[in-house]
Amino acid sequence: MRKQVFCLGVFFASTALLACSHSPVVGPLTTSITPTNSTTIYPGSTSEVTVSPAVFTTPLVSYTPIKPEIQIVSPNRREVKLAELGLNDSTSLLLYYQPSNSLRIISGKDVTPQKIPNIDPGANFTRINLRHISPDHKWFTYYTFKEVKDDLVYHDYWISSINGKNQWIIAPGVSSGMYAEWVTNEQIELWHYQSRYNCPKRIAILNPFSRETVVPPEAPSSPIPQCVFPLSTNPDGTKTIYYEEGTWTWNIFDFNTGAKQRVFPWLSQSEASKLWPRYIRWLPSGITLALPNHDSVDFAIDLQPSSASDINGQWNKLLLPSSNTILNNSFPWWSLDDGLIGFDMVESDVDLIIDRRESPPSKFIILDLRHSILYDYNLDRAKTGDRQKVSDYFISASADNRFLAWTIYEPPDMSYASETVVLERATGRIARIKGFEFFGWGEVEPP
């Protein structure tokens, strides 16, 4: 059955934004991952890194304040049927149906969600920022209970095609505290929590198709919550950008040599602590990052690594409309490859009570950082009819980035899904799928 899982996260003054692990029970890892074909060990060692106290100086970087062009995306007819949104024929939504603990799939052609076949009835379905789905949206992972031994719970990790027709075990007999994350279309990282209060350790990278297993070098240490988010690596995966525990600075770490290079030195200590790895994207064109700053978004586009170390680096500030702020000072959706971020905007004087039962009234916004455009959807993600409910912390995009989806939950928490909402970015139209929790987007090739 689907279980509530423990969470590690940053608690804001208003509400909590959580980054959740998969496993409901935590214990030491006692089962090793045995490769089917071969094992590769990367050279280099983290022992070459020398930690020294950081010196925070007054940044010389100049901020460029930008007032974005505002475009309203609010159609006269907001709600339509899913079939009217024009999903691609290959695109489907994966949905979780709590009463039967089952995954369902629905396309634009379907009237109702259909149960995905061949999944073990005891399968456990949880979400961690939707990284249980491959980047190409063709595969997903889940785990099933195997046994209890010496007071430890063991699971099998499975991979499945979106339609459920092809499934197999990728990691048998792993102990609780383990979770899997797709990093490429052919690579899955396995991470392990020794306890809910400690950062996880990356223990293996495996190819679920060739069954090759790689033993990776140890990732450099970051504090909670930065360590619970996926690594921000360069395109070939040989370097990572991380927030270093002890010095409290951002650095580039070279897995092959163990060398490190300080980056983003213009950030104050407070700003550095608020930047999260998921808001950093290292593309072939350079490093793009976005930092929520309550009433603005500070960002840089396509920074070269050398420029990222320059205290006189380029840094922009995109201003929100006056008397508005970013809810929870976080981005529920980001597509930094395209320079896009999405968030809920609230009035600055809104009463954000810590024990509030429902999400506060807000408007969903998408910022185009590259073109300085603010798209105002005039849409409250938590509202159904006249009722204010609880919206999901995260939003996920379809493979073509045309559609976004999230779950609305019944107050006072996120225990019971009310519906899944699908938003067409270009028009602002939405479709509602009642009674289902959003699990992710899938791509299924037509027969």
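Residues numbered from 1 in each chain as written. Predicted model: local features only at pLDDT ≥ 70, side-chain atom pairs only at ≥ 80, totals over all residues. Heavy atoms only, no water.

Novice: Describe in detail the sheet that holds strand 6 (residues 91-97), supporting the description with residues and values.
Specialist: Taken together, four strands build an open sheet; the order of strands is 8-7-6-37 and the sheet is antiparallel. Either end of the sheet is taken by a strand with one partner, and the two such strands are strand 8 (114-115) and strand 37 (437-443). In this sheet, strand 8 lies alongside strand 7 (residues 102-107) in antiparallel orientation, the contact comprising two bridges. Residue pairing across strands places I105 opposite Q114, the latter belonging to strand 8. (Pairing = 2+ DSSP bridges. Helix = DSSP H or I, 4+ residues; strand = E, 2+ residues; numbered from the N terminus.)

Novice: I'd like to hear about the side chain of T325, residue by residue, with values.
Specialist: Its place among the elements puts T325 in strand 25 (residues 324-326). Polar side-chain contacts of T325 include one of 3.0 Å to the backbone oxygen of H294. Other than its neighbours up to four places away in sequence, T325 contacts H294, D295, L320, D344, M345, V346, E347 and S348. (Polar contact = N/O pair within 3.5 Å; in protein donor to acceptor, adjacent residues only side chain to side chain. Contact = heavy atoms within 4.5 Å.)

Novice: Please set out the packing of aromatic side chains residue by residue, giving values where relevant.
Specialist: What the rule picks out here adds up to 28 aromatic pairs. The structure contains a cluster of three or more aromatic residues connected by ring pairs, namely F229, W276, Y279, F331, W334, F343 and F394. Its guanidinium or amino end placed over the ring of F255, R202 lies 5.1 Å from that ring's centre, counting from NZ or CZ. Stacked on the ring of W406, the Lys or Arg R381 has its end atom at 5.2 Å from the ring centre. (Phe/Tyr/Trp six-rings, centres within 6.5 Å; stacked < 30°, edge-to-face > 60°. Lys NZ or Arg CZ within 6 Å of the ring centre and 35° of its normal.)

Novice: Lay out the environment of G177 with the relevant residues and their values.
Specialist: The residue G177 is located in the loop between strand 12 (167-175) and strand 13 (178-184) in this model. Residue G177 is classed as buried on the basis of its relative accessible area, which comes to 3%. Along the sequence, G177 and Y193 sit 16 residues apart, while their C-alpha atoms lie 4.8 Å from each other. (Buried < 20%, exposed > 50% of the residue type's maximum accessible area, 1.4 Å probe, protein only.)

Novice: Provide a residue-level description of the sheet that holds strand 22 (residues 286-292), including the pertinent values.
Specialist: Taken together, the five strands give an open sheet; going across it, the order is 4-24-23-22-21, and neighbouring strands pair in mixed fashion. Each end of this open sheet is capped by a strand with a single partner; those strands are strand 4 (63-66) and strand 21 (280-283). The sheet shows a mean angle of 20° between the axes of neighbouring strands, direction not considered. Direction of pairing for strand 23 (residues 296-303) relative to strand 24 (residues 315-319): antiparallel, over a ladder of four bridges. Residue D298 lies in a different strand from strand 24, and its bridge partner there is K317. (Axes fitted to C-alpha atoms, helices over the stretch in contact; angles between N-to-C directions.)

Novice: Which residues make up the state of the cysteines, and what values go with them?
Specialist: What the rule picks out here adds up to one disulfide. Here C199 pairs with C227 through a disulfide, and the sulfurs are 2.0 Å apart. Looking along the S-S bond of the C199-C227 disulfide, the torsion reads about -80°, which is the left-handed sense. Pair noted here: C199 is in the loop between strand 14 (187-192) and strand 15 (201-206) and C227 is in the loop between strand 16 (213-215) and strand 17 (232-233), with a separation of 28 residues, a long-range link. Taking the relative accessible area as the measure of exposure, C199 reaches 25% and is therefore partly exposed. In this structure C227 comes out as buried when scored by relative accessible area, which is 10%. (Disulfide = S-S within 2.5 Å.)

Novice: Give me the lowdown on the confidence of the model for the protein, citing residues and values where you can.
Specialist: Across the protein, the average pLDDT comes to 85, with 84% of residues at or above 70. Across residues 1-53 the pLDDT falls below 50, and counting only partners more than four positions away or on other chains, this stretch makes 155 contacts in the model. (pLDDT = per-residue confidence, 0-100.)

Novice: Tell me about the pairing of strand 34 (residues 403-409), and please be specific about residues and values.
Specialist: Burial of strand 34 is extensive: seven of the seven residues sit out of reach of the surface. Going residue by residue along strand 34, you find F403, A405, T407 and Y409 tucked away on one face and L404, W406 and I408 tucked away on the opposite face as well. Relative to strand 34, strand 32 (residues 390-391) is paired through two bridges, and the arrangement is antiparallel. When the sheet's bridge partners are listed, S391 is paired in strand 34 with I408. Bridge count between strand 33 (residues 396-397) and strand 34: two bridges; the pairing is antiparallel. Pairing of A397 across the sheet is with L404, part of strand 34. Relative to strand 35 (residues 417-424), strand 34 runs antiparallel, the two sharing seven bridges. Bridge pairing in strand 35 places F403 opposite E424.

Novice: Account for the pairing of strand 27 (residues 340-347), naming residues and giving values.
Specialist: Along strand 27, seven of the eight residues are buried, which leaves the element largely enclosed by surrounding structure. Inspection of the sheet shows strand 26 (residues 333-335) paired to strand 27 by three bridges, in the antiparallel sense. Each bridged residue has a counterpart across the sheet, and for S335 the counterpart in strand 27 is L340. Joining the antiparallel neighbours strand 26 and strand 27 is a turn of four residues, in which G339 adopts a positive phi near 70°. Where strand 27 lies against strand 28 (residues 363-368), six bridges are found, and the strand directions are antiparallel. The residue of strand 28 that forms the bridge with D344 is F364.

Novice: Outline unusual backbone geometry, supporting the account with residue identities and numerical values.
Specialist: With an omega of 10°, the peptide bond running from I224 to P225 counts as cis. With respect to the helices and strands, the residue P225 is situated in the loop between strand 16 and strand 17. Here P411 and P412 are connected by a cis peptide whose omega angle stands at 15°. As for its position among the elements, P412 is in the loop between strand 34 and strand 35. One non-glycine residue with positive phi stands out, namely N101, at about 45°. Structurally, the position occupied by N101 is in the loop between strand 6 and strand 7. The backbone of D302 shows a phi angle near 55°, a positive value even though the residue is not glycine. Relative to the helices and strands, D302 resides in strand 23.

Novice: Could you give an account of the side chain of S296, naming the residues involved and the relevant values?
Specialist: With respect to the element layout, S296 can be found in strand 23. The buried category is assigned to S296, whose relative accessible area is 1%. In this structure S296 touches L291, K317, L318, L319, L320 and I326, once residues within four positions along its chain are discounted.

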